[in-house]
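In case you want the letters, here they are:
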Amino acid sequence: WTLCAGGTLVLPTAEQHHDVLALANLIAKTNVTHTLCLPSLYEFLLDHAAPGSLASLKTVIVAGESCDGRVVHKHFACLPKTELHNEYGPTEATVWSTVQQLAATDTAAVPIGQAAPQTSILLLDTKQQPVPVGMPGEIYIAGPKIAKGYRNRPDLTADAFIANPFSDHPESRLYRTGDRAKQRADGSLIFLGRIDNQLK
């Protein structure tokens, strides 16, 4: 999205990936305005960056793991005018499936947001029926971004990529994520973890 919007993509070196001070210096030196990183890495940046070195940031996107309310609190304490977005999505759905622009008050249960464009999110029970608002369910994803399956693994493909019973299109499929969530009254989702023991 950086290049499509006419931006300049700044790629840290392998050494900078392992040095939060070097990353903070890179952001300051190249006047980075938007960044995408793991919440845990972003928390390290907030904790250890020199004052002012993150001042160029206009938008921060965290993704790849659960975002703790502690990160939200630190972000708005350090960068109150910088937007903070929380993204969720597995590789099988071309990664970005939901997004939420966070507020300073989103610290108790950090929402992962609502469906991204051209994406449908369903919360289903163990019988693959929709759950009511506020009740936990497994996240199923539909839309054109869904992968065709796992290479040379028809067993895994059949288990995770299923026919979409909620669509009139015969080729429509759902991707079963194995992740749990519940929907708030405003429509945004709260991530609740895995239905199995897989570490994310």
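This section reports on the structure supplied with the text. Per chain, residue numbering runs from 1 following the sequence as it is written. Local features are withheld for residues below a pLDDT of 70 in this predicted model, meaning they are given only at 70 or higher, and side-chain atom pairs are given and counted only at 80 or more; totals for whole chains, interfaces and linings count all residues. The basis for every side-chain value is the complete set of non-hydrogen atoms in the structure, without hydrogens or water.

Turning our eyes to something else, we now look at the pairing of strand β2 (residues 59-62). Look at any regular strand and the pattern is simple: side chains alternate between the two faces of the sheet. When a residue's accessible area, from a 1.4 Å probe over protein chains only, is under 20% of the maximum for its type it is buried; when over 50% it is exposed; and in between it is partly exposed. Helix and strand definitions follow DSSP, with helices as H or I runs of at least four residues and strands as E runs of at least two, each counted in order from the N terminus. Of the two faces of β2, the one carrying T59 and I61 and the one carrying V60 and V62 are both buried. Pairing between strands is defined by DSSP: at least two bridges between them are needed. Sheet topology places strand β1 (residues 34-37) next to β2; four bridges connect them, and they run parallel. Across the sheet, the residue bridging to T35 is V60, located in β2. For the handedness criterion, the β-α-β arrangement of β1, helix α3 (residues 39-48) and β2 is classed as right-handed. Note that β2 and strand β3 (residues 83-88) share four bridges and pair parallel. Across the sheet, residue V62 finds its bridge partner in β3, namely N86. A crossover gets the label right-handed when its path from the first strand over the helix to the second runs clockwise, viewed with the strands pointing away from the viewer. Note that the unit made of β2, helix α4 (residues 69-78) and β3 has a crossover that is right-handed.

Glancing now at the side chain of Q16. Structurally, the position occupied by Q16 is in helix α1 (residues 14-17). Between N or O atoms, a polar contact is any pair within 3.5 Å; within protein, one atom must be a potential hydrogen donor and the other a potential acceptor, and residues adjacent in sequence are included only when both atoms are from side chains. Polar contacts involving the side chain of Q16 include one to the main-chain amide nitrogen of T13, which spans 2.8 Å.

Salt bridges are identified by distance alone: a Lys or Arg side-chain nitrogen within 4 Å of an Asp or Glu carboxyl oxygen. On inspection of all chains with the given rule, the structure shows nine salt bridges. One salt bridge connects K74 with E43, and the closest N-O pair in it is separated by 2.8 Å. In this pair, K74 is assigned in helix α4 and E43 in helix α3, connecting sequence segments 31 residues apart. Residue E43 is classed as buried on the basis of its relative accessible area of 11%. The closest approach of N and O atoms between D186 and R184, which form a salt bridge, is 2.9 Å. Of the residues examined, D186 reaches a relative accessible area of 45% and is grouped as partly exposed. What makes R184 partly exposed here is its relative accessible area of 26%. Each member of the salt-bridge network shares a partner with another, and the members are E43, D47, D68, R70 and K74.

Each patch is built from salt-bridge-free residues with over 30% relative accessible area, joining like charges within 9 Å and nonpolar side chains (Val, Leu, Ile, Met, Phe, Trp, Tyr) within 5 Å. Using the Shrake-Rupley algorithm and a 1.4 Å probe, accessible areas are obtained, with residue cover drawn only from the displayed protein chains. A contiguous nonpolar patch, built from L3, L9 and L11 and spanning about 350 Å² of accessible area, is present on the exposed surface. For L11, a relative accessible area of 64% puts it in the exposed group.

Okay, helix α2 (residues 20-29) next. Each turn of an α-helix holds 3.6 residues, which means side chains three or four residues apart point in the same direction. Listing the buried residues of α2 in full gives V20, A22, L23, A24, L26 and I27. Working rule for contacts: check all heavy atoms of both residues, and any pair within 4.5 Å makes them a contact. Packed against the buried residues of α2 are α1 and α3. Capping the start of α2 is the job of one residue whose side-chain oxygen sits 3.0 Å from the backbone nitrogen of L21: D19. Once α2 finishes, N31 follows within two positions and takes phi at roughly 60°, a positive value.

Here we come to the pairing of strand β4 (residues 98-101). Judged by which residues are buried, β4 turns out to be one-sided: T98 and Q100 face inward and are buried, whereas V99 and Q101, on the alternate face, are not. Here four bridges tie β3 to β4, and the two strands are oriented antiparallel to one another. Paired with H85 across the strands is Q101, a residue of β4.

Quick look at the nonpolar core now. Think of a nonpolar core as a cluster: buried Ala, Val, Leu, Ile, Met, Phe, Trp, Tyr and Cys residues, connected wherever their side-chain atoms sit within 4.5 Å. With 22 residues, the main nonpolar core has Y42, L45, L54, L57, V72 and L84 as its most contacted residues. Residue contributions to this core peak at four residues, all from α2. Every residue in contact with L84, bar those within four places of it in the chain, is listed here: Y42, V60, V62, V72, H75, F76, Q100, Q101 and L102.

Paired rings are identified among Phe, Tyr and Trp, the last through its six-membered ring, by centres lying within 6.5 Å, and are further divided according to the angle between planes into stacked (under 30 degrees), edge-to-face (over 60) and tilted (the rest). Evaluation of the coordinates by the stated rule reveals three aromatic pairs. Measuring from ring centre to ring centre gives 6.1 Å for Y88 and F191, while their planes differ by 40°; the resulting arrangement is tilted. Of this pair, Y88 sits in strand β3 while F191 is found in strand β10 (residues 189-194), placing the two residues 103 residues apart along the sequence. A centroid spacing of 5.0 Å and a plane angle of 40° characterise the contact between F161 and Y175, whose relative ring orientation is tilted. On the criterion of sequence distance, the pair formed by F161 in strand β8 (residues 161-163) and Y175 in strand β9 (residues 173-183) is long-range, its members being 14 residues apart. In this pair, the class of F161 matches that of Y175, namely buried. Taken together, Y150, F161 and Y175 form an aromatic cluster joined through their ring pairs.

What is shown is where atoms sit, not what they do.
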